[in-house]
Amino acid sequence: MSRAWLAISIALVVVSAPGPASARPRVALAAFDGDTKDHARHAVADVLDTDLAIVAARETRHALSDKQMKQLSQDKDVDAVVHGKLSSEGDSKVLRLSLFVHGKKSAAFDVEYTSLKSAKFKRVVRDRLLEQLGATKPEPEAEPEQAADVERPAPRKHKQKRTAHVDDDSPELAAHTDVVARAAAGPHGADRVAFRVDAGASMTARSLAFTSHGLDQPPPPYRNGPAPGAHVAGELYPLAFGDPRALVSGIGIAGEYDKTYALTVVNPALPGDRFAIDQHRWSVGGRFRFGFGSAPSPTVTLAVDYGHRAFKVDRSLLPAGASVDLPDVEYVAIEPGLDVRVPVDRTFALFAGARATLLRSAGQIQNPEQYGGAHVTGGRASIGLDVVVSSHVALRLAGEAAQLQLKFYGTGQQAVNRDGDPTTQDVTAATDQYYGGSATLAVYY
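Residues numbered from 1 in each chain as written. Predicted model: local features only at pLDDT ≥ 70, side-chain atom pairs only at ≥ 80, totals over all residues. Heavy atoms only, no water.

## Thoughts on the overall build of the chain
Broken down by element type, the chain carries five helices and 19 strands. Per-residue burial over the chain gives 45% buried out of 445 residues. Across the chain, contacts joining residues at least 24 apart in sequence account for 66% of those joining residues at least 6 apart. Looking at the chain as shown, the accessible area adds up to about 21800 Å², and 57% of this sits on carbon and sulfur atoms. (Helix = DSSP H or I, 4+ residues; strand = E, 2+ residues; numbered from the N terminus. Buried < 20%, exposed > 50% of the residue type's maximum accessible area, 1.4 Å probe, protein only. Contact = heavy atoms within 4.5 Å. Areas by Shrake-Rupley, 256 points an atom, 1.4 Å probe, with all protein chains shown as cover.)

And the structure:
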């Protein structure tokens, strides 16, 4: 099963100082990244509270890099710093811990659990951490007759990442001999989603300009400012529900839909009256996503879409004999392209994408009574920012621009007969541009 998680950091500071046997080393425990309700951090603090003194430290209130943790241990004159990550696997969760002992990184180990209140979870976390600290482990206070019964974990011969399954009822696990090697697939977050659905608001503007020669009344250009709309998008990678780092987990599908509302144009036959505009676009296609490195991972996604973009004037109320000198368009195209997503840190990621437009049809503008056949080239590009809000929620701010260049063959009436002389071509080309953006809230897994 998939494991939804975000990178977390805890800094554990152990200060060795001479004193009585009851003196406890000091510990600085940072909030877990991805532990939205702070339950796991408090559980670990409770586990260590009997052996270590939990203290506050400004440097440990945020996620720390390996370099920062090493610097913290040097600056604060401590013996160790612990780094942790929280992830999910089916009905269980995994707490991954690794230590920086005297500035050197130690081996990592995993503790798999279903309840933070489990006595086995508490014992395994305490024993494994204090075991890796070695000589810094404090002697527990006990009555003389009980001292011989204190359980001490055996030293490990090999430093390798392991998992303790702490909620099994078998006697072997209860005796803490259950630590086994684990080859786990890396958990995925916003960088390797199995599915994602975005919904929110958008703004779209359009500009249409013609190239003509020797005309007293050339085709009027059209331009509208950003008009409000709605935007939805989705991605699905079925095989990422298993191992999100497997190559085949990058096979998926995606789609989007954007619709502009309250856009109108002036009715030239009736001053003060306006025509409604139907402006929308949608696309659907296949994806193949590649991820690089550990989470959060940069990703490159190959895409092939079937795309549709329309701008149509509602002429149903137009008086008989009247016309609007603005052709409708309905572009249908195959759009191959590429998307790139680069995390800045555990919260922010930059993304960019591009599509080429391999046109199949341009709609009414290509009709014989309009501008006729044309060679159309173009493409679209997007850029934006992803902000991870929680382990399953993100905010996306995106901008997009698209351009289509039409070169007319001279087979339509509006291309050759605007001046009353059909023997010469009057309008040779048109440039159709769209630009805008969207702000959407995403739910992902």
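## Side note on the pairing of strand 8 (residues 195-212)
Sheet topology places strand 8 next to strand 9 (residues 222-236); 13 bridges connect them, and they run antiparallel. When the bridges of strand 9 are listed, Gly-200 appears paired with His-231. Relative to strand 19 (residues 427-444), strand 8 is paired through 17 bridges, and the arrangement is antiparallel. Looking across to strand 19, one finds that Leu-208 is bridged to Asp-432. (Pairing = 2+ DSSP bridges.)

## Details of the pattern of salt bridges
The tally for this structure, following the rule as stated, stands at 20 salt bridges. Arg-315 serves as the salt-bridge partner of Asp-328, at 2.9 Å between the closest nitrogen and oxygen. You can see Asp-328 sitting in the loop between strand 13 (299-313) and strand 14 (329-343) and its partner Arg-315 sitting in the loop between strand 13 and strand 14, a full 13 residues away along the chain. Salt-bridge contacts for Asp-339 lead to Arg-355; the nearest nitrogen and oxygen are separated by 2.9 Å. Taken as a pair, Asp-339 in strand 14 and Arg-355 in strand 15 (residues 348-356) lie far apart in primary sequence, 16 residues in all. (Salt bridge = Lys/Arg side-chain N within 4 Å of Asp/Glu carboxyl O.)

## Some thoughts on empty space enclosed by the protein
A water-sized probe rolled over the atoms picks out the places where empty space is left. Scanning the entire structure with this criterion turns up five cavities of 30 Å³ or more. Taken as a whole, the largest cavity holds about 870 Å³ of empty space. As for the largest cavity, its lining consists of 48 residues, and the residues nearest its centre are Glu-256, Asp-339, Phe-351, Ser-382 and Arg-396. Here the residues of the lining of the largest cavity sort into 16 nonpolar, 15 polar and 17 charged. Of all the elements in the fold, those that place two or more residues in the lining of the second largest cavity are strand 12 (274-291), strand 13, strand 14, strand 17 (374-388) and strand 18 (393-408). At four residues, the largest contribution of residues to the lining of the second largest cavity is made by strand 18. (1 Å grid on protein atoms, 1.4 Å probe; cavity = no way out; pocket = protein on both sides within 12 Å on 5 of 7 lines; lining within 4 Å. Points joined across faces, edges and corners; volume = space filled by probe spheres on them. Nonpolar A, V, L, I, M, F, W, Y, C, P; charged D, E, K, R; others polar.)

## Here we look at unusual backbone geometry
Located in the positive-phi region is Ala-262, a residue other than glycine, with phi close to 60 degrees. With respect to the helices and strands, Ala-262 occurs in the loop between strand 10 (251-260) and strand 11 (264-266).

## Let's talk about a nonpolar patch on the surface
Side chains of Val-284, Val-304, Tyr-306, Ile-334 and Leu-358 sit close together on the surface and give an oily, nonpolar patch of about 400 Å² of accessible area. Within the secondary structure layout, Val-284 lies in strand 12. (Patch = residues over 30% accessible without salt bridge, like charges linked within 9 Å, V, L, I, M, F, W, Y side chains within 5 Å.)

## A look at the side chain of Asp-328
By relative accessible area, which is 13% here, Asp-328 ends up buried. Apart from the residues within four sequence positions on either side, Asp-328 is in contact with Phe-311, Lys-312, Val-313, Arg-315, Gln-364 and Ile-365.

## Examining the packing of aromatic side chains
For the structure shown, the criterion picks out eight aromatic pairs. In textbook terms, an aromatic cluster arises when at least three aromatic residues are bridged by ring pairs, as seen for Phe-195, Phe-241 and Tyr-445. The ring of Phe-311 carries Arg-206 above its face, with NZ or CZ at 4.1 Å from the centroid. Across the ring face of Tyr-237, the terminal group of Arg-289 is positioned such that the distance to the ring centre comes to 3.9 Å. (Phe/Tyr/Trp six-rings, centres within 6.5 Å; stacked < 30°, edge-to-face > 60°. Lys NZ or Arg CZ within 6 Å of the ring centre and 35° of its normal.)

## Remarks on the environment of Leu-317
Within the secondary structure, Leu-317 is located in the loop between strand 13 and strand 14. For Leu-317, a relative accessible area of 70% gives the class exposed. Residues Leu-317 and Arg-274, 43 residues apart in the sequence, show an inter-C-alpha distance of 9.8 Å.

## Observations concerning the nonpolar core
Counting 30 residues, the largest nonpolar core has Phe-311, Leu-326, Leu-406 and Phe-408 as the members making the most contacts within it. It is strand 18 that contributes the most residues to this core, four residues altogether. Once residues lying within four places of it in the same chain are set aside, the contact partners of Phe-408 are Phe-210, Ile-365, Tyr-371, Gly-372, Gly-373, Ala-374, Gln-425, Val-427, Thr-428, Ala-429 and Ala-430. Counting 17 residues, the second largest nonpolar core, distinct from the first, contains Ala-43, Leu-86, Leu-97 and Val-111. (Core = buried A, V, L, I, M, F, W, Y, C linked by side-chain atoms within 4.5 Å.)

## Re the confidence of the model for the chain
The predicted model of the chain averages 78 in pLDDT, with 70% of residues at 70 or higher. When pLDDT is averaged over each element of the chain, strand 10 comes out on top at 98 and strand 7 (residues 180-181) at the bottom at 30. Every residue in residues 135-162 is under pLDDT 50, and counting partners more than four places away or in other chains gives 38 contacts. Below a pLDDT of 50 lies the segment residues 168-187, which in the model reaches 52 contacts outside its immediate sequence neighbourhood of four places, other chains included. (pLDDT = per-residue confidence, 0-100.)

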